[in-house]
Every structure is written in structure tokens, then in C-alpha cells.
Amino acid sequence: LLQSGRHSWLAGLKTLLLNVSRAVTRDVLITFSPTEGPSRLNTTEKGKAGKIQLPREIFQSLSSQTVRVVVTVLNIQQLGMFKEVNQTGQVLDNTVVGITVGESSISGLQEPVQLTFAHGELPQGVTPRCVFWDASKGAAARGRCAAGHRRCPGAHSRSPAPLAGRAGGWRSSGCVTQPGDKGTVCSCDHLTFFTLLLNPALEGSTARALMAVATAGCGVAMAFSIFTVAFCIFIRCRFRLEETVRTNLGLHLNLVGSLLLLNLAFLLNSGLSGRAPPSTCRVLGGLTHYCLLCCFTWTALEGCQLYLLFVKVLGTYIHHYLPKLCLLGWGFPALVVGVAGAVGSYGEYRIQTLEHQVIAHLCWITSKHLLVHYITNCGYFGLIFLFNMAVFGVVTHRSCSLQGTGAVQGHRKPWKVALVAAGLFCLLGATWALAFLTYGISSAAVLYLFTILNSLQGIFIFIWLVVLYYPKTKESTGSLSYIIRHDKTTTGSQD
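Residues numbered from 1 in each chain as written. Predicted model: local features only at pLDDT ≥ 70, side-chain atom pairs only at ≥ 80, totals over all residues. Heavy atoms only, no water.

Per an unreviewed UniProt entry, the recorded name for the protein is AGRG3 protein, and the organism is Rhodinocichla rosea. Here is the UniProt Subcellular location (unreviewed entry) comment for the protein, exactly as written: "Membrane". (UniProt positions renumbered as here; feature names shortened; annotations may be inferred.)

The structure is reproduced here in C-alpha cells:
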């Protein structure tokens with residue numbers, strides 16, 4: 001480093017000019033903050049503000065002996081710049097950092113430039129993303145800054161800084177985002193104007209559309225859940241069935257019943273939350289949580305039943321089996337909700353934008369007790385999902401093995417086999433796993449898929465049960481019970 005100096009030409013704009021030697025032996029470190037602007041940072045100094053690390057590769061590849069480095073920190077609110085049309089995210093602290101080295105455009109760096117944007121704990125449901133300004137995004141209207149006016153930030157750069165209403169927009173290609181508790185590190189392979197864009201997980205219009213889709217879907221799902229309950233009762237009372245099939249129908253009946261209660265609880269929640277008194281909201285939150293845990297638990301019990309049928313095919317008998325499952329399926333969630341309610345976990349939960357505008361009200365687990373949500377919902381379902389997918393793999397393998405031996409071939413058409421597999425996949429709660437994918441830039445699309453599939457879960461189960469069970473009441477060959485019975489015979493003969 002040969003020389004450094006600081007210049008400030010406009011309110012909301014601070015710059016640092018450095019003359020850096022080509023023979024520099026270490027990376028150039030610069031600190032910056034929205035109020036103080038940029039300044040040199042010693043290698044032994046630990047700054048709490050933002051930090052820029054320029055790799056020495058940049059300077060060693062230049063032809064001149066010294067090069068001028070310009071670091072610009074801009075307050076875009078004061079300057080009225082970097083305004084993208086229909087921008088949904090918010091710029092962190094309204095701060096944009098521009099970096100130029102010499103007069104040439106630098107890109108394709110092997111060792112990226114690193115910018116650390118310091119921040120505290122981000123609001124719930126906000127995703128940070130490292131972005132740079134692309135002036136070519138939109139019509140190319142560049143104004144006087146394109147001519148390199150001395151009062152324009154970026155006059156030393158070939159990437160003009162845009163004014164309000166001009167073309168351009170934020171892009172993230174070439175940048176990697178590494179979020180942290182005290183700051184986010186942006187690693188980019190080029191030099192231009194950078195910032196940290198805070199994207200809300202949900203926009204107001206998206207949240208309202210999702211609520212409308214979920215409400216309509218829940219209404220349809222409730223109707224088909226009632227049809228399914230009536231169908232299961234009809235089958236159990238009308239036909240003489242094997243004990244295994246009766247137990248399976250009893251499990252399906254309880255699972256569909258829990259789905260019916262969950263849809264009803266959601267409709268009550270969405271209709272009353274926001275204007276219900278705190279005590280009523282706590283009850284609604286606990287009721288919704290209880291119904292959700294019941295769905296998860298009965299999904300797990302469906303997986304356990306399939307495991308007993310297809311893996312433990314011999315010598316499996318439990319006295320009062322179905323009543324014990326009912327005690328577990330309905331009792332365990334009540335215990336969990338009772339403990340969560342005792343510590344005051346339920347209340348009004350608000351989904352907000354970055355400007356603290358309330359998008360939706362829900363009676364649910366409050367923001368102060370999100371650990372309860374992560375343990376009882378995310379953790380609990382995660383374990384159930386892993387177990388059920390393992391069981392699904394075993395069931396699929398056994399079914400394919402029997403199809404290969406020709407034992408059931410001719411009695412089960414390919415589309416019915418596919419439907420049974422899809423029904424089992426849905427029955428074991430696979431659609432709920434989409435909740436783990438509702439983060440990041442594709443969260444809106446996944447949320448729509450998650451909402452639609454889970455709202456229509458009652459319809460899927462109804463169609464699956466009708467196709468699987470009703471034709472088999474007259475002829476059991478080819479049914480699930482037939483496969484189980486044949487599997488028992490095969491296993492017994494092998495023993």
C-alpha cells in the first residue's frame with residue numbers, strides 16, 4: 001500500500017481512495033459502516049462493522065505498478081438511487097457498497113472478493129441474499145453518471161450507479177451467500193456495487209392467496225373426509241372381513257378422522273384469529289396443535305402397521321390391538337399439548353413483512369416459544385418421516401418381489417399398482433415433508449404445492465381406499481390382504 005485518503009462529496013456518500021502496489025503480499029482489508037463509511041482495517045484489528053477483503057490476486061494480475069482502488073458506501077435512501085421496479089426485498093440499512101480497481105472491469109476471479117455485512121438477529125421469516133446491481137436489467141437509461149460525472153458515485157467504474165426511476169435491478173449470479181448470527185458473508189467473483197437484500201418469506205399477496213387456497217382446500221377435504229369415514233364404516237359393517245383388514249380399516253378411519261379435525265381446526269383458526277380474545281386464541285392454538293400432532297401420530301401408526309404386516313409377517317398378535325393404538329394415537333398428542341400449554345406456548349402468531357406490516361394472524365405457537373414448534377412439530381415429524389419412508393421402501397420391495405414371482409400378476413393392473421404406491425406414499429405423510437423445502441428463493445412455489453397437496457390429502461385417501469378395498473370385498477385375490485397372506489405362506493414354506 002502506497003497511499004490512502006478519504007473523500008466525501010455528497011450527503012449519504014462516503015468514499016475511500018487507495019493506491020495499491022502490484023507487489024502487495026497480502027489481501028487488502030477494508031472496514032465499512034453505514035454511518036462512518038469505509039476505512040483501512042489492520043490485519044490484527046477485529047472490527048464489529050462490515051468488512052471487505054480484496055484478494056491480492058486482483059493486483060498481481062494488473063500490468064501497471066500501482067492501481068487506484070475506490071470503495072464507496074452509499075445511503076440509497078438519501079441519494080434516491082438503486083431503486084428496482086417492483087422490488088420486494090429490503091436493502092440492509094439502505095447501504096450499498098461499490099468497489100472499483102483501476103479503469104478496467106474485473107470479473108471471473110478465482111479467489112473471490114469477500115464482503116461481510118454486519119447485522120443483528122434478522123426478523124422471523126426473512127432470508128438474506130447477496131446481490132449486485134446489474135445496469136443491463138431493463139432498459140438502458142443511464143443518465144449523467146454514464147458519462148463519469150465527478151459527483152456520481154462510481155465515476156471511476158464502468159458500471160454506472162443508477163438514479164431513481166432508471167433501468168437496472170439486483171442479481172445474485174456469481175455471488176455466494178453465507179448467513180451468520182452476527183453478519184452475512186458475500187463471496188463474489190467480480191467487482192461492482194453490492195448489498196445484502198433481505199427477502200421476506202412471504203409477500204402480502206402470496207400469503208392471502210395461500211390462505212384462500214388452503215381455506216377452499218380444507219372445505220373440500222372435510223367433505224371427502226366425511227365420505228371416507230362413512231365408506232370405512234360401510235365396509236366394516238356390510239362385509240365379512242379378515243381381522244387384518246378390519247384393523248387396517250380402523251387405522252385408516254382414525255387417520256382420516258384426525259385429518260377431518262385438523263381441517264376443521266384450521267377453518268376455525270383462520271376465521272376467528274385476529275379478533276378472538278387471548279384466552280380463546282390460546283385454546284384455538286392448542287386445539288390446532290393437538291389435531292396436527294394426532295395426524296402425525298396416526299401417520300406413524302400406519303407405518304408401524306405396515307411394518308408388522310410386511311416384515312413381522314408371522315406370529316404377530318396383540319390383544320386389544322386397535323384400542324391400544326387409539327389410546328396412543330389420541331392420548332400422546334394430548335400429553336404433549338398439555339405440557340406445551342402449561343408453559344404458555346400458545347397465543348397469537350403474526351406473519352409480518354420487513355416493515356412490520358401484519359400479513360396474517362394465526363392462533364398458534366407464539367414467536368417466544370418457537371423451540372416448542374421445532375421440537376414437537378419439525379423434530380417429531382422428521383423422525384416419523386424417516387421411519388415411514390424406510391417402511392415404504394420395504395413394502396415396495398416386497399410387492400415388487402411378489403409381482404416378479406407371478407403370484408399376483410394378472411390380478412393387479414399396472415395403474416392400480418401405481419395408485420396403491422401413491423396412496424401409501426400419501427398415507428405415510430410424505431406430502432407433509434414439503435414443509436422442509438419451504439425456505440429460500442423457491443419457497444413461494446413450494447408453499448403453493450405444500451398447501452394444495454395437503455389440502456387435497458383427504459381426496460387422495462378416499463380414492464385410494466375405494467380403489468383398494470371396495471372391489472376386493474367380493475374377491476380378495478390381488479388385495480393388500482392377499483399379498484400379506486401370500487407373503488406369510490411364502491415365508492412359512494421357506495422356514
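K.L.:
In this structure, what is going on with the overall build of the protein? I would like to understand it.
P.N.:
A count of helical and extended segments in the protein gives 11 helices and 16 strands. Sequence-distant contacts, at least 24 apart, represent 75% of the contacts inside the protein between residues at least 6 apart. Put simply, the protein shows about 24300 Å² of open surface, and 59% of that area lies on carbon and sulfur atoms. (Helix = DSSP H or I, 4+ residues; strand = E, 2+ residues; numbered from the N terminus. Contact = heavy atoms within 4.5 Å. Areas by Shrake-Rupley, 256 points an atom, 1.4 Å probe, with all protein chains shown as cover.)

K.L.:
Which parts of the structure should I look at to understand the nonpolar core?
P.N.:
The nonpolar side chains of soluble globular proteins are, as a tendency, buried together. By size, the foremost hydrophobic cluster in this structure holds 58 residues, and its most contacted members are Phe-296, Leu-306, Leu-325, Trp-432, Ile-461 and Leu-465. Looking at this core element by element, the count peaks at 13 residues for helix H5 (residues 278–310). Here Ile-461 is in contact with Leu-255, Val-256, Leu-259, Cys-426 and Leu-427, once residues within four sequence places are set aside. Among the nonpolar cores identified, the runner-up in size contains 35 residues, and Ile-52, Ile-58, Phe-59 and Leu-196 belong to it. (Core = buried A, V, L, I, M, F, W, Y, C linked by side-chain atoms within 4.5 Å. Buried < 20%, exposed > 50% of the residue type's maximum accessible area, 1.4 Å probe, protein only.)

K.L.:
I'm lost on the side chain of Asp-134 in this one. Help?
P.N.:
Relative to the helices and strands, Asp-134 resides in strand S10 (residues 126–134). One polar contact links Asp-134 to Ser-136, side chain to side chain, over a distance of 2.6 Å. Here Arg-171 takes part through its side chain, which lies 3.0 Å from a polar atom of the side chain of Asp-134. In this view, Asp-134 contacts Gly-168, Gly-169 and Arg-171; residues no more than four positions away in its chain are not counted. (Polar contact = N/O pair within 3.5 Å; in protein donor to acceptor, adjacent residues only side chain to side chain.)

K.L.:
What should I look at first to understand the sheet that holds strand S3 (residues 28–33) in this one?
P.N.:
Either a parallel or an antiparallel arrangement is found when strands of a sheet pair, and the pairing is made through backbone hydrogen bonds. Pairing in this open sheet of 6 strands is antiparallel, and the strands run S4-S3-S5-S9-S13-S12 from one edge to the other. Strands at the two margins of the open sheet, each flanked by one partner only, are strand S4 (37–40) and strand S12 (175–178). The mean inter-strand angle of the sheet, taken between neighbouring strand axes irrespective of direction, is 20°. (Pairing = 2+ DSSP bridges. Axes fitted to C-alpha atoms, helices over the stretch in contact; angles between N-to-C directions.)

K.L.:
Hey, could you run me through the state of the cysteines in this one?
P.N.:
Such a bond, covalent and formed between the sulfur atoms of two cysteines, is termed a disulfide. In total, this model carries 3 disulfides according to the counting rule given. The side chain of Cys-175 participates in a disulfide bridge whose partner is Cys-188; the two sulfur atoms lie 2.1 Å from each other. Across the S-S bond of Cys-175 and Cys-188 the torsion is about 115°, and the bridge reads as right-handed. Of the two residues, Cys-175 sits in strand S12 while Cys-188 sits in strand S13 (residues 183–188), which places them 13 residues apart along the sequence. We note that Cys-175, like Cys-188, is buried. (Disulfide = S-S within 2.5 Å.)

K.L.:
For this particular structure, what's the right way to read the packing of H5 against helix H6 (residues 321–342)?
P.N.:
For any two helices packed against each other, the geometry is given by the interaxial angle and the distance between the axes. One can describe the packing of H5 onto H6 by two numbers: an axis separation of 8 Å at closest approach and a directional angle of 145°. Handedness of the crossing formed by H5 with H6: right-handed. Here H5 contributes Gly-286, His-289, Tyr-290, Leu-293, Cys-294, Thr-297, Trp-298, Leu-301, Gln-305 and Leu-308 to the contact with H6, which in turn contributes Tyr-321, Leu-325, Cys-326, Leu-328, Gly-329, Trp-330, Phe-332, Pro-333, Ala-334, Val-336 and Val-337. Taken together, the residues of the contact of H5 with H6 break down into 16 nonpolar, 5 polar and no charged. (Left-handed = near helix turned anticlockwise from the far one by under 90°. Nonpolar A, V, L, I, M, F, W, Y, C, P; charged D, E, K, R; others polar.)

K.L.:
What's the story with unusual backbone geometry in this structure? I'm lost.
P.N.:
For residues that are not glycine, phi is negative in most cases, and the peptide bond is trans in most cases. Phi angles above zero are rare outside glycine, and Phe-82 is one such case at about 55°. Summarising the element assignment, Phe-82 is placed in the loop between helix H2 (76–79) and strand S7 (90–91). Overall, the relative accessible area of 1% leaves Phe-82 in the buried class. In this structure, Asp-93 takes a positive phi of about 55° despite not being glycine. Structurally, the position occupied by Asp-93 is in the loop between S7 and strand S8 (95–101). Asp-93 sits in the partly exposed class, given a relative accessible area of 45%.

K.L.:
Honestly, the packing of aromatic side chains in this entry has me stumped. Any pointers?
P.N.:
The description of an aromatic ring pair rests on the distance of the ring centres and on the angle between the ring planes. For the structure shown, the criterion picks out 14 aromatic pairs. When the ring of Phe-296 is compared with that of Phe-381, the centres are 5.0 Å apart and the planes differ by 40°; the resulting orientation is tilted. Taken together, the residues Phe-296 in helix H5 and Phe-381 in helix H7 (residues 370–405) connect sequence positions 85 residues apart. Classification of Phe-296 as buried rests on a relative accessible area of 5%. For Phe-381, a relative accessible area of 3% gives the class buried. Within the aromatic cluster, the residues linked to one another by ring pairs are Phe-296, Phe-381, Phe-385, Trp-432 and Phe-450. (Phe/Tyr/Trp six-rings, centres within 6.5 Å; stacked < 30°, edge-to-face > 60°.)

K.L.:
Can you help me understand the pattern of salt bridges in this one?
P.N.:
Oppositely charged side chains can form a pair if their charged atoms are brought close together. All told, the structure shown has 2 salt bridges when counted by the stated rule. A salt bridge links Arg-56 to Asp-27; its shortest N-O distance comes to 3.7 Å. Here Arg-56 is found in the loop between strand S5 (50–54) and helix H1 (57–60), whereas its partner Asp-27 is found in the loop between strand S2 (13–21) and S3, with 29 residues between them in sequence. Among the residues examined, Asp-27 registers a relative accessible area of 15% and is labelled buried. The salt bridge partner of Asp-134 is Arg-171, with a shortest N-O separation of 3.0 Å. Taken as a pair, Asp-134 in strand S10 and Arg-171 in strand S11 (residues 169–171) lie far apart in primary sequence, 37 residues in all. The exposure class assigned to Arg-171 is partly exposed, which follows from its relative accessible area of 37%. (Salt bridge = Lys/Arg side-chain N within 4 Å of Asp/Glu carboxyl O.)

K.L.:
Is there a simple way to explain the side chain of Gln-457 in this structure?
P.N.:
For Gln-457, the position within the fold is in helix H10 (residues 457–469). Apart from the residues lying within four places of it in its own chain, the contact partners of Gln-457 are Leu-259, Cys-426, Thr-431 and Trp-432.

K.L.:
Would you mind showing me how to read H6 here?
P.N.:
Because the α-helix completes a turn every 3.6 residues, residues three or four places apart line up on one side. The terminal C-alpha atoms of H6 lie 31 Å apart, and with 22 residues this matches the ideal 32 Å at 1.5 Å per residue to within 8%. In the structure, H6 departs most strongly from a straight axis at Gly-331, where the bend amounts to approximately 25° and where the proline Pro-333 lies between one and four residues downstream. If you check which residues of H6 are buried, you get Tyr-321, Leu-322, Leu-325, Gly-329, Pro-333, Val-336, Val-337 and Ala-340. Backbone geometry just after H6 places Gly-344 at a positive phi near 75°. (Expected span 1.5 Å × (residues − 1). Bend = angle between axes of the 7 residues up to and from the residue.)

K.L.:
Help me understand the pairing of strand S9 (residues 113–118) in this model?
P.N.:
On a regular strand, one side chain projects to one face of the sheet and the next to the other, so that they alternate. Of the two faces of S9, the one holding Val-113, Leu-115 and Phe-117 is buried and the one holding Gln-114, Thr-116 and Ala-118 is not buried anywhere. Examined bridge by bridge, S5 and S9 share 3 bridges and lie antiparallel to one another. Considered in S9, the bridge of Ile-52 is made with Leu-115.

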